[in-house]
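These are the residues of each chain, in order.
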Number of protein chains: 2
Amino acid sequence: MDTLNLKIIARIYNDYSHKFGIPRQSGLVNENISTIVFEKDFKNEDALRDIENFSHLWLLWHFSDNDNKEWTPCVRPPRLGGNKRIGVFATRSPFRPNPIGLSSVKLIKKEKTKNGTVLIVKGADILSGTPIFDIKPYIKYTDCHPDAVCGFADDFQDYSLTVEISEELLNIIQKDKQQVIIDILKNDPRPSYQNDPNRIYGMCYGGYEIKFLVENSVLTVKNVANITKP
Amino acid sequence: MDTLNLKIIARIYNDYSHKFGIPRQSGLVNENISTIVFEKDFKNEDALRDIENFSHLWLLWHFSDNDNKEWTPCVRPPRLGGNKRIGVFATRSPFRPNPIGLSSVKLIKKEKTKNGTVLIVKGADILSGTPIFDIKPYIKYTDCHPDAVCGFADDFQDYSLTVEISEELLNIIQKDKQQVIIDILKNDPRPSYQNDPNRIYGMCYGGYEIKFLVENSVLTVKNVANITKP
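Residues numbered from 1 in each chain as written. Chains lettered and ligands numbered in written order. Predicted model: local features only at pLDDT ≥ 70, side-chain atom pairs only at ≥ 80, totals over all residues. Heavy atoms only, no water.

A. Structural detail: the overall build of chain A. Tallying secondary structure elements over chain A gives four helices and 13 strands in all. Principal axes of the C-alpha set define a box for chain A whose edges measure 55 × 45 × 35 Å. For chain A, the proportion of its 230 residues judged to be buried stands at 52%. Summarising the internal contacts of chain A: among those between residues at least 6 apart in sequence, 68% fall at separations of at least 24. (Helix = DSSP H or I, 4+ residues; strand = E, 2+ residues; numbered from the N terminus. Buried < 20%, exposed > 50% of the residue type's maximum accessible area, 1.4 Å probe, protein only. Contact = heavy atoms within 4.5 Å.)

Written out as structure tokens, the structure reads:
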């Protein structure tokens, strides 16, 4: 036995319609709501019995977007400016030997729908449609280490941009998506600290396309378009 | 794409030679030392660059012992006396659709050996020889939730037995394994709260066989044998 074959048990759906802009770790954008819908063979309400007694869950999911790329021993974490090389096992990079992501999310509720019983969660910074391999309860006495030392991740814990957006542009976005979009922008979606203050970036979330530029640590929104309108 | 094929990247080796007695969660027995040895295709020192800057790691591993068993929607957590049925996704039970375990461990050091560069970790409550699929750094700002509510796991956070062992029996065990063995016994290795005070259980760890009985919340060690002696 040299391999293990994983089955897709569920898929996650949310407003992250494109890869660009998705925060690089779970929980950075707390207000993003996702729905976990189980695949046909795993639509079994019993398997979710009492899960609502847990506030947080682990998701094991497929870095499906990177499926055909080879793993590399060293990666360049975007938070380090894309210059420093770090061992892949010292990062959460998708380019690993086994492309499995690990994210903790907040469980909002379990809900009966015509698609079976689904889970509604907050803070999953995962592309919509991504396959899920496992869901586990977060168990504080084994999973929570407030004293952990976290290498380069410690240095960037408080990193964020100041976001400037006019009232007029903000009002194009529906109320319950405004904060999520601001949080995504705060987290600096640019690839590897590109530093051209004249470059205009575009990011999609929940049916909106946001155009912005970044100078020093200030991100200015230049345009918002509702791209779902016919 | 309905499946993902995982490759074994490493195996973990330690004193847990038998399944019986292994604590049911990582970190319950903190002093157990394990060595993670990489498989031939993954013996690559670059992949571990800077990992020593993290104090804790996640291991994704194979519940290889349960490989041929079917998953069941409901399981009976041993901590609940084996009577109450809970959904498998509300537990860390091995009998899941994809038999992957998730454990956080403390990284002690990275070491060059004739077997390649290995990782020495503490607190992995995993059977010796178990295949590892992934190693990730523990990142506090996304993984640590001190406010998490953890269902039935909260109720049993402080559960432990009082262990009674005579000086004479304790001294049969080599010094650096005494505390680990006491910690394992404190965690009540009996299956599902069996409650027969006359039943003698046997548990193996690190070359010792420990015989004990349990009455109410007191575990008394009756015999210790060094089973590695010729």
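B. Structural detail: the interface of chain A and chain B. In this assembly, 75 residues from chain A lie in contact with 75 residues from chain B. Summing both partners gives a buried area of about 7300 Å² for chain A against chain B, and 60% of it is carried by carbon and sulfur. Contact with chain B buries area across many residues of chain A, yet Leu4(A), Phe89(A) and Tyr141(A) alone supply 11% of it, more than any other trio. Joining chain A to chain B, the criterion identifies six salt bridges. Between Asp143(B) and Arg92(A) there is a salt bridge, with its nearest N and O atoms 2.8 Å apart. Scanning the region where chain A abuts chain B turns up 42 residue pairs in polar contact (both at pLDDT 80 or more). Counting residues per element, the ones that place at least two in the side of chain A that touches chain B are strand 1 (3–7), strand 4 (56–62), strand 6 (86–87), strand 7 (100–113), strand 9 (131–137), helix 1 (140–143) and helix 2 (151–155) of chain A. Partitioning the side of chain A that touches chain B into residue classes produces 39 nonpolar, 18 polar and 18 charged. As defined by bridge partners, strand 1 of chain A adjoins strand 1 (residues 3–7) of chain B across five bridges and the pair is classed as antiparallel. In the sheet register, Leu6(A) faces strand 1 of chain B, and the bridge partner there is Leu4(B). (Buried area = accessible area lost by both parts, 1.4 Å probe. Salt bridge = Lys/Arg side-chain N within 4 Å of Asp/Glu carboxyl O. Polar contact = N/O pair within 3.5 Å; in protein donor to acceptor, adjacent residues only side chain to side chain. Nonpolar A, V, L, I, M, F, W, Y, C, P; charged D, E, K, R; others polar. Pairing = 2+ DSSP bridges.)

C. Region of interest: the confidence of the model for chain A. Here chain A averages 90 in pLDDT, while 95% of its residues score no lower than 70. Both scores are available for the predicted complex, with the pTM at 0.92 and the ipTM at 0.91. (pLDDT = per-residue confidence, 0-100.)

D. How the structure looks around the environment of Gly151(B). Topologically, Gly151(B) is positioned in helix 2 (residues 151–155). A relative accessible area of 16% means that Gly151(B) is categorised as buried. Residues Gly151(B) and Gly129(B) lie 22 residues apart in sequence; the distance between their C-alpha atoms is 32 Å. Apart from residues no more than four positions distant in its own chain, Gly151(B) is found in contact with Asn53(A) and Phe54(A).

E. Local environment of unusual backbone geometry. All names here are of chain A. Of note, aspartate 50 is a non-glycine position whose phi angle comes to about 75°, a positive value. Along the polypeptide, aspartate 50 turns up in the loop between strand 3 (33–38) and strand 4. Its identity is not glycine, yet aspartate 188 carries a phi of approximately 60°, on the positive side. Its location among the elements puts aspartate 188 in the loop between helix 4 (175–186) and strand 11 (201–205).

F. Structural view of the pattern of salt bridges. Residue and element names in this part refer to chain A. Considering all chains together, one arrives at 24 salt bridges over all chains under this definition. Residues aspartate 15 and lysine 177 are paired through a salt bridge, measuring 3.1 Å at the closest nitrogen-oxygen approach. On the criterion of sequence distance, the pair formed by aspartate 15 in the loop between strand 2 (10–13) and strand 3 and lysine 177 in helix 4 is long-range, its members being 162 residues apart. Aspartate 15 gets classed as partly exposed once you look at its relative accessible area, which sits at 22%. Between glutamate 45 and lysine 112 there is a salt bridge, and its shortest N-O distance comes to 3.3 Å. In this pair, glutamate 45 sits in the loop between strand 3 and strand 4 while lysine 112 sits in strand 7, placing the two residues 67 residues apart along the sequence.

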